[in-house]
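Each chain is listed here by its residues.
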Amino acid sequence: MLIESGSPVAADTRIGISLTINGHRRDLQVAPWTTLLDLLREHLDLTGTKKGCDHGQCGACTVLVNGTRVNSCLTLAVMKDGAEITTVEGLAGLAGTGSNSLHPIQEAFIEHDAFQCGYCTPGQLCSSVGLINEGHARSRDEIREAMSGNICRCGAYTNIVDAIEDVMSQGGGR
Amino acid sequence: MNRFEYVRAGTVAEAVQAFAGAEGSRFIAGGTNLIDLMKYDVERPGRLVDITRLPLDRIEERDGGLRLGALATNAAVAYDARVQSRYPLLANAILAGASAQLRNAASTGGNLLQRTRCYYFYDTATPCNKREPGSGCSAIGGIARIHAIFGTSAHCIATHPSDMCVALAALEAVVQVSGPKGERSIPIADFHRLPGNTPEQDTNLKPGEIVVAVDLPARDFGSHYTYLKLRDRLSYAFALVSVAAGLELDGDQVKTARLALGGVAHKPWRNRKAEALLQGKPANRESFQAAADLIVAEAKTQGGPQGNAFKVELARRAIVRGLEQAAAGTPQSISDKRIQ
Amino acid sequence: MTQTFSSTGRDRFVGTPRSRVDGPAKVTGLAKYAGEFTAPGLLHGSVVSSAIARGRIAAIDSAAAEAVPGVAKVLTHANRPRTAWLDYNYQDAVAPPGSPFRALYDDKIHYSGQPVALVVAEDFETARYAATLVRVEYEAETPETDLAAAAGSAYDPPKKRNGIKPPPKPWGDAEAVFDTSAVKLRHEYTLAVEHHNPMEPHASTVVVEEDGSYTVYDKIQGVSNSQGYLASVFGLAKDTVRVMNPYLGGAFGSGLRPQYQLFLAMLAARDLGRSVRVVLTRDQMWSFSFRPESLQTVGLGADRDGTLQALSHDAVQQTSRFEDYQEVVVNWSGVLYKCSNVALTYRLAQLDTPTPADMRAPGAVTGVFAIETAMDELAYATGLDPIQLRLKNYTEADQTAEDKPFGSKALKACFAEGAERFGWAERNPEPRSMREGRELVGWGVATGIWESMMMQSGAHAILGADGRLEVGNSTGDLGTGTYTILTQIAADTLGLPMEDVTTKLGDTRLPEAPVAGGSWTAASSGTAVMKACRDVAEQAFKLARTMEDSPLANVDFERVAFAKGRIEVAGDPTRGVALVDVLRAAGVDKLEATAEAGPDKDFNAKYEAYTHSAIFAEVKIDEELGQVRLTRIVSAIAAGKVLNPKTARSQILGGVVMGIGSALEEESMMDTRIGRFMNHNLGEYHVPVNADIHDIEVIFVEEEDRANPLGVKGLGEIGVVGTAAAIANAVFHATGKRIRHLPITVDKIIG
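Nothing here was measured: the structure is a model prediction, and the numbers come from that model.

## A short note on the overall build of chain B
When helices and strands are counted, chain B shows 13 helices and 12 strands. For a compact globule of 340 residues, the expected C-alpha radius of gyration is about 20 Å, and chain B comes in at 19 Å, within 12% of that figure. Scored against the burial criterion, the 340 residues of chain B give a buried share of 64%. In chain B, once contacts between residues fewer than 6 apart in sequence are set aside, the share between residues at least 24 apart is 64%. A total accessible area of about 11200 Å² is found for chain B, and carbon and sulfur atoms account for 49% of it. Computed over 41 positive and 34 negative side-chain charges, the inter-centroid distance for chain B is 3 Å.

## Comments concerning the interface of chain B and chain A
Chain B puts 42 residues into the contact, and the matching count from chain A is 43 residues. One can count 3 salt bridges joining chain B with chain A. Across the contact surface, chain B and chain A share 21 residue pairs in polar contact (both at pLDDT 80 or more). Breaking the side of chain B that touches chain A down by element, the ones donating at least two residues are β1 (5-8), α2 (34-39), β3 (47-50) and α6 (100-105) of chain B. For the side of chain B that touches chain A, the element with the highest residue contribution is α6(B), accounting for 5 residues. Residue classes in the side of chain B that touches chain A are distributed as 18 nonpolar, 11 polar and 13 charged.

## Notes on the UniProt feature "domain: FAD-binding PCMH-type" (unreviewed entry) in chain B
Summarizing the sequence annotation, UniProt attributes the feature "domain: FAD-binding PCMH-type" (unreviewed entry) to residues 1-221 of chain B in the numbering used throughout. Counted over residues 1-221 of chain B, helix gives 28% and strand 18%. Its end C-alpha atoms are 43 Å apart.

## Looking at unusual backbone geometry
Negative phi characterises most residues that are not glycine, and trans characterises most peptide bonds. Omega for the bond connecting L742(C) with P743(C) falls within 30 degrees of zero, at 0°, which places this linkage in the cis form. With phi around 55°, D45(A) is a residue other than glycine that occupies positive phi space. With respect to the helices and strands, the residue D45(A) is situated in the loop between α1 (36-43) and β3 (62-65). Taking relative accessible area as the criterion, D45(A) reaches 40% and is therefore assigned partly exposed. Notably, L104(C) is not glycine yet its phi reads approximately 55°, a positive angle. Here L104(C) lies in the loop between α3 (87-90) and β4 (108-109). The class for L104(C) is buried, based on a relative accessible area of 2%.

## A short note on the nonpolar core
Residues L469(C), I567(C) and I727(C) are the most contacted members of the largest nonpolar core, which totals 261 residues. The leading source of residues in this core is helix α14 (residues 521-545) of chain C, at 12 residues. Among all residues touching I567(C), those that are not within four sequence positions of it are A540(C), F541(C), A544(C), L552(C), V560(C), A561(C), F562(C), R575(C), G576(C), V577(C), L579(C) and V582(C). Grouped together as the second largest cluster of nonpolar side chains are 54 residues, Y120(B), I146(B), I319(B) and A327(B) included.

## A closer look at the confidence of the model for chain C
Averaged over every residue, the pLDDT of chain C is 97; residues scoring 70 or more account for 99%. Of the two predicted TM-score estimates for the complex, the pTM is 0.98 and the ipTM is 0.98.

## Here we look at a nonpolar patch on the surface
There is a patch of nonpolar side chains on the surface, built from W85(C), L86(C), Y88(C) and Y105(C) and spanning about 520 Å² of accessible area. The exposure class of W85(C) is exposed, given its relative accessible area of 62%.

## Quick look at the pattern of salt bridges
The full count for this structure, using the stated rule, is 89 salt bridges over all chains. For the salt bridge of R145(B) with D747(C), the shortest nitrogen-to-oxygen distance reads 3.0 Å. In this pair, R145(B) is assigned in the loop between α8 (119-122) and α9 (164-171) and D747(C) in helix α19 (residues 746-750), connecting two distinct chains. A relative accessible area of 6% means that R145(B) is categorised as buried.

## Comments concerning the UniProt feature "domain: Aldehyde oxidase/xanthine dehydrogenase a/b hammerhead" (unreviewed entry) in chain C
What UniProt calls "domain: Aldehyde oxidase/xanthine dehydrogenase a/b hammerhead" (unreviewed entry) maps, in this numbering, to residues 28-142 of chain C. Taken end to end, residues 28-142 of chain C is 15% helix and 30% strand, and its first and last C-alpha atoms sit 50 Å apart.

## Topic: the interface of chain A and chain C
At the interface, 48 residues of chain A touch 56 residues of chain C. Where chain A meets chain C, there are 8 salt bridges. For R20(C), the salt bridge goes to D113(A), with nearest N and O atoms at 2.6 Å. Our enumeration of links across chain A and chain C arrives at 26 residue pairs in polar contact (both at pLDDT 80 or more). In terms of residue class, the side of chain A that touches chain C is made up of 19 nonpolar, 15 polar and 14 charged.

## A short note on the domain arrangement of chain C
Residues and elements named next belong to chain C. With domains assigned, chain C is organised as domain 1 (23-31 + 454-598) and domain 2 (360-453 + 600-657 + 692-741). The straight-line distance from the C-alpha centre of domain 1 to that of domain 2 is 36 Å. Contacts between the two partners involve 17 residues from domain 1, matched on the other side by 18 residues from domain 2. Carbon and sulfur atoms supply 62% of the area that domain 1 and domain 2 bury against each other, a total of about 1300 Å² over both sides. Of all residues in domain 1, M454, T480 and S519 bury the most surface against domain 2, accounting for 35% of the area lost on that side. There are 6 residue pairs in polar contact (both at pLDDT 80 or more) connecting domain 1 and domain 2. Every element with two or more residues in the side of domain 1 that touches domain 2 is listed here: α13 (482-494) and α14. Residue contributions to the side of domain 1 that touches domain 2 peak at 5 residues, all from α14.

## Here we look at the environment of D352(C)
Residue and element names in this part refer to chain C. Structurally, D352 can be placed in the loop between β14 (342-350) and α10 (364-382). Under the relative-accessibility criterion, D352 is labelled buried at 4%. Distance in space between the C-alpha atoms of D352 and F369 is 26 Å, their sequence separation being 17 residues. Residue contacts for D352: discarding those within four places in its chain leaves A53, R54, H110, Y111, P143, E144, T145 and R321. Looking at D352, its side chain comes within polar contact range of the side chain of R54, at 3.1 Å. A polar contact of 2.8 Å, which involves the side chain of D352, links it to the backbone nitrogen of E144.

## Things to note about the sheet that holds strand β17 (residues 435-436) of chain C
Strands belonging to one sheet form pairs held by backbone hydrogen bonds; the direction of such a pair is parallel or antiparallel. All names here are of chain C. Spatially, 5 strands are ordered β17-β18-β26-β27-β30 in an open sheet, and the strand pairing comes out mixed. Of all the strands in the sheet, just β17 and β30 (695-700) have a single pairing partner and so form its edges. Pairing analysis gives 10 bridges linking strand β26 (residues 610-622) to strand β27 (residues 628-638), with the strands arranged antiparallel. In the strand pairing of β27, V619 is matched with L630. In this fold helix α18 (residues 723-735) packs onto β18 (439-451), β26 and β27, with an angle of close to 155° to the strand it touches most, β18.

## Digging into the domain arrangement of chain B
Parsing chain B into structural domains produces domain 1 (5-52) and domain 2 (224-328). If you average the C-alpha positions of domain 1 of chain B and of domain 2 of chain B, the two centres end up 36 Å apart.

## Considering the packing of helix α7 (residues 223-234) of chain C against helix α8 (residues 260-272) of chain C
Residue and element names in this part refer to chain C. Orientation of α7 relative to α8, taken along the N-to-C sense of each, is 50°, at an axis distance of 11 Å. In terms of orientation, α7 lies oblique with respect to α8. At the point where α7 passes α8, the crossing takes the right-handed sense. Between α7 and α8, the contacting residues are S226, Y229, L230, V233 and F234 on the first element and L262, F263, M266, L267 and R270 on the second.

The rules we used
- Residues numbered from 1 in each chain as written.
- Chains lettered and ligands numbered in written order.
- Predicted model: local features only at pLDDT ≥ 70, side-chain atom pairs only at ≥ 80, totals over all residues.
- Heavy atoms only, no water.
- Helix = DSSP H or I, 4+ residues; strand = E, 2+ residues; numbered from the N terminus.
- Rg over C-alpha atoms; globule rule 2.2 N^0.38 Å.
- Buried < 20%, exposed > 50% of the residue type's maximum accessible area, 1.4 Å probe, protein only.
- Contact = heavy atoms within 4.5 Å.
- Areas by Shrake-Rupley, 256 points an atom, 1.4 Å probe, with all protein chains shown as cover.
- Lys, Arg positive; Asp, Glu negative; His and termini not counted.
- Charge placed at Lys NZ, Arg CZ, Asp CG, Glu CD.
- Salt bridge = Lys/Arg side-chain N within 4 Å of Asp/Glu carboxyl O.
- Polar contact = N/O pair within 3.5 Å; in protein donor to acceptor, adjacent residues only side chain to side chain.
- Nonpolar A, V, L, I, M, F, W, Y, C, P; charged D, E, K, R; others polar.
- UniProt positions renumbered as here; feature names shortened; annotations may be inferred.
- Core = buried A, V, L, I, M, F, W, Y, C linked by side-chain atoms within 4.5 Å.
- pLDDT = per-residue confidence, 0-100.
- Patch = residues over 30% accessible without salt bridge, like charges linked within 9 Å, V, L, I, M, F, W, Y side chains within 5 Å.
- Domains from an automatic or database assignment.
- Buried area = accessible area lost by both parts, 1.4 Å probe.
- Pairing = 2+ DSSP bridges.
- Axes fitted to C-alpha atoms, helices over the stretch in contact; angles between N-to-C directions.
- Parallel < 35°, antiparallel > 145°, perpendicular 65-115°, else oblique.
- Left-handed = near helix turned anticlockwise from the far one by under 90°.

As structure tokens, then:
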């Protein structure tokens, strides 16, 4: 059903929402308890966005909502009705460089070996893009602090900072 | 996560009404704490009232101070130019907490209402008076290194985890709420509670009341301030002890001192006697130590290697250092982890 | 002499920095992990975990859960289908001695967090919700989870764990000589229980195929282990169970053994005849596999000049009630230092916890922290520089193995090059003597050591008519870079560009290889791939010689080179043929070979094989507040040949970061009243975040080793070993405070 302001939607009802995911508008029926993360992974098979802790404690689920990085695990999909979502699968498109090429941050992560197992990587990438969009972090110390919401158990942190610095020095890759 | 009804509110009145319309209603904005707790089955709302579409996200000038809309995100507040220039204490406190992602989602009102990080509160396998009144406090005699040293009760030793609220306490912010019986203002000092016999109540909000704004008074302590946070890693961790300090100086004499501590009590901890003690005193280490000693004299700790006795000395030293940073006009940097 | 792989003797890719071949898949989100594969009608399982640590389940009421629309079944011990009943059937390829844990087996509770029910539903959210409705009543007994309290009942494990060397027999008389030594130190050391916490939680997806066979995606460090386990537990023919795992989101040892989510997923899939996925929550990652606590005592007796005369290292380590998990904790002390009187003991004490598991450099992280901290203490006690002390007691032979020489040991070069890079000569050894503003500066050093091993391993190589090569085996790439180094080796061996080589891993249909662990994968899989490629090269050469007017007709195999997709006469590129032409002329669509590689028995009879490192750490500690900033690490590594300096460096960085966690942050806190780790999440179990990590410099020193044809010794573990000791020693240098119990948190510094 479609949602009306102020009217309760019963617990067993699917709610109609519309999201623009990686540039494509999707009209979806979601349960109120479906998180954005589970919507992406379980319902849309966009498994690039990772579930590392499901509690906002690791950052693996980071996506961009209207260009801002957030933890998709702590976001109810229904509450983002109308939003633009960018996941790791859509980063290349964000750079406007065509479907076969990579976003500069993706290139930089490969070049600087900024990952090992790859599981935190989608979150690190989206977080990096969010960080660059925010424009608050410039020095290495500031990048480290601003990327501290993304845990990498393989310990690629120094390479991640190198990759971000590299992209920022090339004009941000926006 | 339990099954719940969902209501999207368009106005504050609609939100308040929707809240009253079902058992176990919860307002939801950023969701960063509520959804977390729902996944742990700690929170089981009957109805979620989505307030994200209410027009409460503005940051406005008001009476020489600022009014922060309840839905202004933590990031929006921290990076607001007016907050940065006039209330850097608040900006720094917010930026010392959580992660960039969480700050982008978490709201001002939600930050006020976030719940304790006590291990036992979060774990439904263990008794907890805050979660299940009367079931007992597992933290007492258990793993209590993150727990409170001030204002505890025999029923709860949990702390309030917010950094933002510690700064708000030092700034003497006022919380504006709206509810079934209309609107009212609650000074931040009266907003959060001590656990006492009712640790299940974190705040003095009445059922159905919604936070609509936080007012920052004109006195901003924008020259002599710091937010010093000590924790188990250098970012993305809750405070073991944090200090929000604001001073107004007259030469090298303290005219006014504001001091609030985080990570040590069920609410941001202020000690008016210590602040009064500083008034008129030279802004030096000796005065700061006297104030710190006065504050920690009231501490009550949990023993054993997994206890929190260390927090007393840590708090004492942090208070002194925080006041020194404030007096010297060298506030703690967020990204350079060296403590000035 | 540098080892070479290509038949020309010139390696194009091996030994050079190369970006990960799996990089594009990982940065685009296309790399799929075990819990991300799907199937028509896939069911989702959610695990209900025990609230108590010891006792029994008095009753389980799953009616409310079963009543939720979409719930297919709630499996408990009361209704579980039968599986094998002998312990033997549950013992996976790397199981320690004992009776492996069986999920939902009976009403007994062995540890807190034990799975007691699996709720299976049509979608994930329904399963998770219904799991909260399962009511379990327990009859609880008092658990014992305090190692110190249980240490009195410690025992020498009667059955030794395969591959784990028990302590050697003592030599000399350590106790008597200790008593008469001029300098005597004896202290206790511990490090906290640590949990692996790979970023990907454990997950298994069991797909029921139309023919009744199973395709299983499992988070495991070697798919053959899961396949064998499933076959024996569920009585299945191996060829009906295909286990795959192309990518692992880290594991660090937690994925060596099949974990209970695999058992539960297959149990449900067989019971319901449908595909099932079970993913553990982050909190459930505390319900199996951890680095155990060890109570260690190190005694050092020395002459005043620092010459070691007596060395004892005793450890009591925790295990579960049902398995004698063992690791090598104390032997390292005997391997590292020359000493005539040595006594090493290792005993176990049983606690009501899950069985511990290998976690990156198991045993070495624990034991080397103790001995390397003790050696720093001895340096201070004797007034020697810590490096000098180590060089004074340096050994070229392994006393724990009848004085066999080391196959290679460039540890002296590690000290020299590391010290140079770090600026060690500038160090004032006096504690608290170096400071910057309000911070005390500390510099510490320690040695790292890990075994260099090789395991029996298969691999195949298939050269297609299009000139593209596929190589692979069943081992897993945990993020270690296995895909990349195997691609490099294969490309060099057949003279192909890396782009023309595809490496496949993590599939039981590929030749069998052991679990990826112990730092043995590069040597084992690398050698096997090289041999398979050599075989293909020889086949291609033989065909090339028989071609009409073959330019290679009268040339020996030893005199040809494989380069640019061609077989050429070495030194005369004009005389050669393209591989694609060889296959076309012979009318074959592919050339294929499977090879086996194993340890060199002759070498192993003569030599002992270890990797070594020297780690230098700088800390800056706020004198008043005790906040530690780890500002600099130099890790100098001697590990034989480095196949890919880029991914190799990352391996060491990762080890160092985990060592930093071990030293300063990581601690699973047990509430011994209830036998439960209480900080079971990533918010309260602190692993390093980006802000904690500053400059880490990795040096690979030259070291030639002949244990295997590649000359590699493995890099997965060595980066972590000794790192915590170097940091603890730096903390002492900064503060004058010796902290022997990790992690070094603020309470210990200011306390």
